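Fold and geometry: a report
Each chain, written out:
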Amino acid sequence: HPVAITLSLVAVVVSSTCIALIPYIFKLFLDTVSGPRIPNENSILIAYAVLIFIVGFITWVGWRVSHLSVAYLASQVMADLRRRAFAYLMEHSHQFFTSTFTGSLVQRVNRFAAGYDRLADRFFYDILPTAVQVSIIVYILAKSHVILAVVVVVWLSSFILWNYYLALWKMKYDVSRAAQDSKTGGQLADAITNQQTVELYKSQGFENELYEKETGLQALAARFNWQVSGIIDGVQSFFILVVEFLVLYIGIHLWDKGLMTVGMFVLVQ
């Protein structure tokens, strides 16, 4: 789907660029307001205000376009993935189907398609916008105060490495949770599909025990994954708290030396 992909990428990049530029325009606005009065200052401030509106409007249009194009792309790709998974599944032997829970297969096909949706959201709304905005921010900071740009780059590198290795470590638990989820769904579908057999042999109690066991294991897997995710989020929040303090601390020293303006403080934050 080249048209939808291109439109999505361009819209996200343009929107992210505008988002990163708005604080810089605010810096110029505040520096003008807080500095000594100059001729035609009112006209300059109005020009900045109009520029902020224009850039904000472009951002708004860009995000609307990206939402529509990403939604179209995701729905089409997910349909493609479901068809591909179905075709692949139908090539399996009769023995495979008789020895595998039907519900488990359904769960896996649906998760396969839904996985793209989560991946696309991460890329188009988290990874790509962040990469664009950080690149512009580092460039602007480097032109004004190299030390602030260095702090951001070092912090960002540490942040990415931490998340990368933690994600690799967490992967096996995500796979384990997905497998247990498939097993639980398979147990449920199997019991419902064979309800007449269950009733014939009066084995409702046995099926209840099996399902209780599987749901218990699923609850443990889910709880552990959520707790790990909570730890990751907590560390990420701490990383952000640290960089905000460092940048503000360095900014105070620069301001004390007359190298930092009010607008620059707003831009950095």
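Located above this text is the structure these notes cover.
These notes cover the structure that comes with them.

Reading the values: rules and limits
Residues numbered from 1 in each chain as written. Predicted model: local features only at pLDDT ≥ 70, side-chain atom pairs only at ≥ 80, totals over all residues. Heavy atoms only, no water. Helix = DSSP H or I, 4+ residues; strand = E, 2+ residues; numbered from the N terminus. Buried < 20%, exposed > 50% of the residue type's maximum accessible area, 1.4 Å probe, protein only. Polar contact = N/O pair within 3.5 Å; in protein donor to acceptor, adjacent residues only side chain to side chain. Contact = heavy atoms within 4.5 Å. Phe/Tyr/Trp six-rings, centres within 6.5 Å; stacked < 30°, edge-to-face > 60°. Patch = residues over 30% accessible without salt bridge, like charges linked within 9 Å, V, L, I, M, F, W, Y side chains within 5 Å. Areas by Shrake-Rupley, 256 points an atom, 1.4 Å probe, with all protein chains shown as cover. Salt bridge = Lys/Arg side-chain N within 4 Å of Asp/Glu carboxyl O. Core = buried A, V, L, I, M, F, W, Y, C linked by side-chain atoms within 4.5 Å.

**Quick look at the side chain of Gln180**
By the element assignment, Gln180 lies in helix H5 (residues 146–193). Taking relative accessible area as the criterion, Gln180 reaches 13% and is therefore assigned buried. Engagement of the side chain of Gln180 in a polar contact is seen with the side chain of Glu214, the distance being 2.8 Å. Filtering out sequence-adjacent residues up to four positions away, Gln180 remains in contact with Glu214, Leu217 and Gln218.

**Notes on the packing of aromatic side chains**
Overall, the coordinates contain 11 aromatic pairs when judged by the stated rule. When the ring of Tyr164 is compared with that of Tyr165, the centres are 5.2 Å apart and the planes differ by 75 degrees; the resulting orientation is edge-to-face. Exposure remark for Tyr164: the relative accessible area of 46% places this residue in the partly exposed category. Note on Tyr173 and Phe224: the rings are 4.8 Å apart at their centroids and 55 degrees apart in plane angle, and the pair reads as tilted. Placement of the pair is Tyr173 in helix H5 and Phe224 in helix H7 (residues 204–256), with a sequence separation of 51 residues. With a relative accessible area of 33%, Phe224 lands in the partly exposed category. An aromatic cluster of at least three residues, connected via ring pairs, comprises Phe53, Phe57 and Trp60.

**Description of a nonpolar patch on the surface**
The grouping of Leu7, Val10, Val14, Ile46, Val50, Phe53, Ile54, Phe57, Ile58, Trp60, Val61 and Val65 at the surface amounts to a nonpolar patch, some 1,000 Å² of accessible area in total. Elements with a minimum of two residues in the nonpolar patch: helix H1 (2–34) and helix H2 (41–90).

**Section: the pattern of salt bridges**
With the rule as written, the count across this model stands at six salt bridges. Close ionic contact of Asp80 with Arg83 constitutes a salt bridge, the shortest N to O distance being 2.6 Å. Pair noted here: Asp80 and Arg83 are both in helix H2, with a separation of three residues, about one helical turn. Classification of Asp80 as partly exposed rests on a relative accessible area of 29%.

**A word on the environment of Ile240**
Within the fold, Ile240 resides in helix H7. It is 9.7 Å that separates the C-alpha atoms of Ile240 and Leu156, two residues lying 84 residues apart in sequence.

**Observations regarding the nonpolar core**
Judged by nonpolar contacts, the single largest core of 35 residues is most densely connected at Tyr116, Leu141, Leu148 and Val268. Counting residues per element, this core draws most heavily on helix H4 (residues 102–144), which supplies 10 residues. Residues contacting Val268, with those up to four places away along its chain left out, are Leu141, Leu148, Val247 and Met260. Grouped together as the second largest cluster of nonpolar side chains are six residues, Cys18, Ile22, Tyr48 and Val55 included.

**Looking at unusual backbone geometry**
One non-glycine residue, Asn40, lies in positive phi territory at about 60 degrees. As for its placement among the helices and strands, Asn40 is situated in the loop between H1 and H2.

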